[in-house]
Amino acid sequence: MPQLLPGRLKRRSDFLRLAASGRKIVRTGFVLQALKDVSASDSTSVAPVRLGFTATKKLGNAVIRNRAKRRLREAARLVLAERNAQGMELVLIGRRETGSMDFAKLRQNLAQALDEALHEVST
RNA sequence: CCAGACGGUUGGACGGCCGCUGGCAGGUGCAAAAUCCUGCUGGAGGAAAGUCCGGGCUCCACGGAAAAACGGUGCCGGAUAACGUCCGGCGGGGGUGACCCCAGGGAUAGUGCCACAGAAAACAAACCGCCUUGGUCCGCCAAGGUAAGGGUGAAACGGUGCGGUAAGAGCGCACCGCCUCUUUGGUAACAGAGAGGGCAGGGUAAACCCCACCGGGAGCAAGACCGAAUAGGGGCGGCCGGCGUUGUGUGCUGGAGCCUGAUCGUCCGACAUUUAGCGCCGCUUGCGCGACAAUGGAGGGCGUGAAUCAGUCUCCCAAGUAUACGAACGCGGAGGUUUUCCGGCUCGCCGCCCGGGUUGGUUGCUUGAGGCGGGUGGUAACAUCCGUCCCAGAGGAAUGGCCGUCCAGCGCCCGCUCGCUUCAGUGAGGGGGGUGUGGACAGAACCCGGCUUACAGACCGUCUGGAUUU
């Protein structure tokens, strides 16, 4: 089946909703918040997975924050390509080690966390 | 070669796989837009940072200008769109020097302040002193003169020397400094020279202040356009609708008025009847005419004061009545709040149209005081001319993620050369081999000119001081 292109979460209200009621999974390199997209659950069309990224000022200056977001975005792109996460809303929050840790490890952690989140939501 | 001063350039290179975003071309679509696919091509900085100055641009305010207030700037000249920036000078200070630093207008407009110490901190005074005179119990005391010396301080009323004097003092003189005037050079800041003045005018304006000059405010989240759903606003049409009160419209009754008619009043009045009288006869109770008057009277004229009736029309809506109306209120009803009660809330429904406006979208948005190369003018900042180039435009915010090879740089090991020295070590050097490590500060957000701050290093040029060789 054709994988729909992932959409983006952009509004502050979306992030707050995920933070309040999403499933929260902490791993080295990131914090994952996942939630089933309620707005699209009853419709017949398949909803694309929606992604959001957060890097707070705690991480450092703009260069460090942007690098953390870019690495998370790339890891998510690779991990989501081999999974079906349709109808999910995901938020990835950068941590202090996101920009410097080994990328393969980051990708592996994300895959595990995502599988766990998918399992939890589906049951 | 060492040490240093100043200015400039640069801010790792190459490749592979996978992505993001702008543009162009082609394909997909009847076509436009959008989407998707393919190819080509562009895609962070010297500070993109801090947001400290100055401008462009946009909106708002404002009649022009000035003043006041507030804020800023502050030697002179130039550059510039402008600046608190830059360039060239001047003055002061530092350095052997190349060079560097300066918040550098006014203290003779006025007000204030100057801690501690010191006798005294700005207006003249005198703690220790020095000198003269007088006194003396020989310790010194009193009066006067003086400001050279001592002491305090960041700073003490020009400095040094000679003369002078009781001791002293710009008291006099010379030089230096200062002030005023004149003059020379310079656009000017200022510098030089001369004359005069015995010297006034302590510091602080990064205290108030004075003077000169500059400044309207807010910012691309400016501003402009398009505009979904929902709610709300306005208009039109259709449909349904309980009761009461009020309101509004309409009809009738009603009220008022004009006009007309009738009634009425008055006048005229044909005509009719009656009558005096007259005429005629056929002379019986016959026929004809018939004044005045009376009565009746068709009809006509006039009449407004009032009244009555009818009608048309107009006006009014106090009252009555009927009817219409989603206009108001109340009741009822319905909806919904899980159920019941109470309370509160909402209430025509449907359709169409209009306007405002939020999320959102488009625009502003990158061709500009533009970059590069060269010529000309200028000591320079810079100006100008010619040629050439188009060089990021995101929007929870693209310009990347991962990997490999290499180049600087740094560390370690092996070997080499030279020096020292107890045959074992130690120091220095260049560069050969191996190996590990490894690239700073930092991310455009409308755009420019600056300033400030951060920064691993690498390279180039000019100059200064020192050493060595010839």
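Position numbers for residues count from 1 along each chain, tracking the sequence in the order it is written. Here every chain gets a letter starting at A, and every ligand a number starting at 1, in the order they are written. Local features in this predicted model are restricted to residues whose pLDDT is 70 or higher, and side-chain atom pairs enter the listing and the counts only when it is 80 or higher, whereas totals over whole chains, interfaces and linings include all residues. Only hydrogens and water are set aside; all other atoms, that is, all heavy atoms of the structure, feed into the side-chain values.

Considerations on the layout of surface pockets
Next up, step 1: Whether a set of points on the 1 Å grid over the protein atoms alone is a cavity depends on a 1.4 Å probe fitting there but being unable to get out, while an open set qualifies as a pocket with protein on both sides within 12 Å along at least five of seven lines; lining residues are those with an atom within 4 Å of a point. Grid points are joined across faces, edges and corners, and a volume is the space filled by probe spheres set on the points. Taken as a whole, the second largest pocket spans an internal volume of roughly 170 Å³.
Next up, step 2: Considering the residues around the second largest pocket, the lining is formed by K24, V31, Q33, T56, K58, L59, I93, G94 and R95.
Next up, step 3: For the lining of the second largest pocket, the elements supplying multiple residues, two or more each, are β3 (30-36) and β5 (88-94).
Next up, step 4: Class assignment of the residues belonging to the lining of the second largest pocket gives a composition of three nonpolar, three polar and three charged. Under the scheme used here, helices are H or I runs from DSSP no shorter than 4 residues and strands are E runs no shorter than 2 residues, and both carry numbers assigned from the N terminus. Gly falls in the polar group here, along with every residue not listed as nonpolar (Ala, Val, Leu, Ile, Met, Phe, Trp, Tyr, Cys, Pro) or charged (Asp, Glu, Lys, Arg).

Notes on empty space enclosed by the protein
Using a probe with the size of a water molecule, rolled over the atoms, empty space left in the structure can be pinpointed.
Next up, step 1: This model, assessed by the stated rule, comprises one cavity of 30 Å³ or more.
Next up, step 2: Here the largest cavity defines a volume of roughly 40 Å³.
Next up, step 3: Along its surface, the largest cavity is lined by L32, L51, A76, V79, L80, L90, L92, L110 and L114.
Next up, step 4: Those elements that provide at least two residues to the lining of the largest cavity are α2 (62-81), β5 and α3 (103-122).
Next up, step 5: For the lining of the largest cavity, the leading source of residues is α2, giving three residues.

Some words on the side chain of Q33
Next up, step 1: Along the chain, Q33 falls in strand β3.
Next up, step 2: On the accessibility criterion, Q33 (8% relative accessible area) is buried.
Next up, step 3: Two residues form a contact once any of their heavy atoms are found within 4.5 Å. When sequence neighbours within four positions are dropped, the list of residues in contact with Q33 reads L18, A19, R23, K24, E89, L90, V91 and I93. In this scheme, a residue with accessible area under 20% of its type's maximum is buried, one over 50% is exposed, and one in between is partly exposed, where area comes from a 1.4 Å probe on protein chains only.

Topic: the nonpolar core
Next up, step 1: Take the buried Ala, Val, Leu, Ile, Met, Phe, Trp, Tyr and Cys residues and link them wherever side-chain atoms come within 4.5 Å; each set so joined is a nonpolar core. Formed by 23 residues in total, the largest nonpolar core has its most connected members in F30, L32, L90, L92 and L110.
Next up, step 2: Those elements that provide at least two residues to this core are β3, β4 (50-54), α2, β5 and α3.
Next up, step 3: With seven residues, the single largest contributor to this core is α3.
Next up, step 4: Apart from the residues lying within four places of it in its own chain, the contact partners of L110 are F30, A75, A76, V79 and L92.
Next up, step 5: Core analysis: the second largest hydrophobic core is formed by five residues, F15, L18, L35 and V91 among them.

Quick look at the pairing of strand β2 (residues 23-27)
Next up, step 1: The pairing of β2 with β3 spans five bridges and is antiparallel. Within the sheet, the bridge partner assigned to V26 lies in β3 and is V31.
Next up, step 2: By definition, two strands form a pair when at least two bridges between them are found by DSSP. Hairpin connection of β2 to β3: two residues between the antiparallel strands, including G29 at a positive phi of 105 degrees.

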